[in-house]
Amino acid sequence: MATDYDAPRRDEVEADGADSLEELKARRTDAQSGAVDVDEAEVAESFELPGADLADEELTVKVLPMQADEFRCSKCFLVHHRSQLAYEKNGELVCKECAA
């Protein structure tokens, strides 16, 4: 059956005729669920992810000084290899990403 989507829509109540107030209340209570709203943040805290407990772990990172073939970009302050150098202006080095 073809449907005319441009035609004004009628509500289900209008199509069925006048429903009694008791029927409408019964439909409303049937549609409602008995489940209680649950706080998502509270539920998320109870989940344990594998390897997520890092409370007693000491994280150490070995920091290397800047090498001779590296430079620090004066715009983003990241250390890049010399092949990433776009230009130097007034002693300030700029990487290709910041120059773009």
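Residues numbered from 1 in each chain as written. Predicted model: local features only at pLDDT ≥ 70, side-chain atom pairs only at ≥ 80, totals over all residues. Heavy atoms only, no water.

1. Looking at the nonpolar core
Counting residues in hydrophobic clusters, the biggest one holds five residues: Phe71, Cys73, Leu93, Val94 and Cys95. In terms of residues, this core owes the most to one element, strand S4 (residues 92–95), which gives three residues. Aside from chain neighbours lying at most four places away, what touches Cys73 is Leu78, His80, Leu93, Val94, Cys95 and Cys98. (Core = buried A, V, L, I, M, F, W, Y, C linked by side-chain atoms within 4.5 Å. Buried < 20%, exposed > 50% of the residue type's maximum accessible area, 1.4 Å probe, protein only. Helix = DSSP H or I, 4+ residues; strand = E, 2+ residues; numbered from the N terminus. Contact = heavy atoms within 4.5 Å.)

2. Here we look at a negative patch on the surface
Taken together, the side chains of Asp39, Glu40, Glu42 and Glu45 define an acidic patch exposed on the protein surface. Tracing the backbone through its elements, the reader meets Glu40 in helix H3 (residues 40–45). The exposed category is assigned to Glu40, whose relative accessible area is 68%. (Patch = residues over 30% accessible without salt bridge, like charges linked within 9 Å, V, L, I, M, F, W, Y side chains within 5 Å. Areas by Shrake-Rupley, 256 points an atom, 1.4 Å probe, with all protein chains shown as cover. Salt bridge = Lys/Arg side-chain N within 4 Å of Asp/Glu carboxyl O. Lys, Arg positive; Asp, Glu negative; His and termini not counted. Charge placed at Lys NZ, Arg CZ, Asp CG, Glu CD.)

3. Some points on the pairing of strand S3 (residues 85–89)
For S3 and S4, the ladder comprises four bridges, and the chain directions are antiparallel. Residue Lys89 lies in a different strand from S4, and its bridge partner there is Glu92. Where S3 folds back on S4, the antiparallel hairpin that results is connected by two residues, among which Asn90 adopts a positive phi of roughly 55°. (Pairing = 2+ DSSP bridges.)

4. Examining the environment of Glu92
Looking at the secondary structure, you find Glu92 in strand S4. Measuring from C-alpha to C-alpha, the distance between Glu92 and Ser74 comes to 5.8 Å, with 18 residues separating the pair along the chain. Discounting residues that sit within four places of it in the chain, Glu92 has contacts with Ser74 and Tyr87.

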